[in-house]
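# Coordinates in review
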Amino acid sequence: MPDSRRALSYLASILFLFSLWWLVAVWINNPGLPGPLSALRSLVKAGGPELARHFYISTYRVLGSLALALIIGVPLGLLAGRHRAFDSFLAPLVYLLYPVPKVALLPVAMVLLGIGDTTKMLVIFLVIVNQILITTRDAARQIPPQLLLSVASLGAGKISLYRQVIIPACLPEIITASRISLGSAISVLFLSETIAGNSGLGYFILDGLFRADYGAMFAGILAMAGMGLVLYMMLNFLEYLLCPWQRL
């Protein structure tokens, strides 16, 4: 999609959501749900150093957790997808641990690690690493054996096969898993910052609620939505750079 059409599609979606928000706010007519214009004015009013600090902290926590999940999940997924012996060992561990609600470990992490960045990033990492690992493993499994054999017949070793065939073939699915994990990461971030912490956008939103400052509360919500949108667009741009064949 051309850049101009993509920008127009984003603008149309934002206008639709804001119109729907305005209609609901008018229908409910409650101070707890200000209209979009009031929320935007509050965002501009609150958009000083304090909100910027919380925005930076939350962005750092999400990006750090996602990077750690990619560093650990992608290599394990590639190995599991290409080596059945390793997958037979790893898969039972993943399937046994995957259904466990990782958010329930937040109190345990608080007791062991306190309420700092490490606790929040650890819980986010535990939630999203399996999503990335499983998606990468399934993508590596689906590579046609004939493709690998043809490249190996040209003299490519194992490292070259991973670098030239396996990783590029899995890259679109890895980025897709990152997009999905991003939504989960922001949800867990909000929960962890409201339960345990004194910084971040989740804390800023909850603080506005406790002070009955609904404008500040929605300013924090808009800031968190903006953070998610920016990070999502960054992943789209990364896919544009790393997967040029997707545009053919």
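Residues numbered from 1 in each chain as written. Predicted model: local features only at pLDDT ≥ 70, side-chain atom pairs only at ≥ 80, totals over all residues. Heavy atoms only, no water.

Once that is clear, we can look at the layout of surface pockets. Taken as a whole, the second largest pocket holds about 370 Å³ of empty space. Taken together, 14 residues make up the lining of the second largest pocket; nearest its centre are I14, L17, F18, L222 and A225. Secondary structure elements with two or more residues in the lining of the second largest pocket: helix 1 (3-28), helix 2 (36-46) and helix 10 (214-242). Here the lining of the second largest pocket is composed, by residue class, of 12 nonpolar, two polar and no charged. (1 Å grid on protein atoms, 1.4 Å probe; cavity = no way out; pocket = protein on both sides within 12 Å on 5 of 7 lines; lining within 4 Å. Points joined across faces, edges and corners; volume = space filled by probe spheres on them. Helix = DSSP H or I, 4+ residues; strand = E, 2+ residues; numbered from the N terminus. Nonpolar A, V, L, I, M, F, W, Y, C, P; charged D, E, K, R; others polar.)

With that settled, consider the nonpolar core. In terms of nonpolar packing, the biggest core is built from 40 residues, with V62, L78, I128, I166, C170 and M227 touching the most fellow members. Broken down by secondary-structure element, the contributors of at least two residues to this core are helix 3 (49-82), helix 5 (106-113), helix 6 (117-141), helix 7 (145-152), helix 8 (158-195), helix 9 (201-210) and helix 10. Among the elements that line this core, the one with the most residues is helix 8, at 12 residues. With near-sequence residues (within four places) excluded, I166 lies in contact with L78, R82, I143, L148 and L161. The next biggest cluster of nonpolar side chains, apart from the first, holds seven residues, and it includes A39, I205, M217 and F218. (Core = buried A, V, L, I, M, F, W, Y, C linked by side-chain atoms within 4.5 Å. Buried < 20%, exposed > 50% of the residue type's maximum accessible area, 1.4 Å probe, protein only. Contact = heavy atoms within 4.5 Å.)

Here we come to unusual backbone geometry. Unusually for a residue other than glycine, N29 sits at a positive phi of about 55 degrees. Inspection of the secondary structure puts N29 in the loop between helix 1 and helix 2. The phi torsion at A212 lies on the positive side, around 55 degrees, for a residue other than glycine. As for its placement among the helices and strands, A212 is situated in the loop between helix 9 and helix 10. On the basis of relative accessible area, A212 is assigned to the partly exposed category, the value being 45%.

As a further point, take the environment of A39. Considering the arrangement of structural elements, one finds A39 in helix 2. By relative accessible area, which is 0% here, A39 ends up buried. On a C-alpha basis, the gap between A39 and Y232 in space is 23 Å, while along the polypeptide they are 193 residues apart.

Further remarks concern a nonpolar patch on the surface. Taken together, the side chains of F16, L17, L20, V24, W27 and I28 define a hydrophobic patch exposed on the protein surface, amounting to about 670 Å² of accessible area. Within the element layout of this structure, L17 appears in helix 1. (Patch = residues over 30% accessible without salt bridge, like charges linked within 9 Å, V, L, I, M, F, W, Y side chains within 5 Å. Areas by Shrake-Rupley, 256 points an atom, 1.4 Å probe, with all protein chains shown as cover. Salt bridge = Lys/Arg side-chain N within 4 Å of Asp/Glu carboxyl O.)

Here the structure, examined in full by the defined rule, presents nine salt bridges. In this structure, the salt-bridge partner of D87 is R141, at a minimum N-O distance of 2.3 Å. Taken together, the residues span a long stretch of sequence, with D87 in helix 4 (residues 84-97) and R141 in helix 6 at a distance of 54 residues. Overall, D87 belongs to the buried group, its relative accessible area being 8%. Taking the relative accessible area as the measure of exposure, R141 reaches 37% and is therefore partly exposed.

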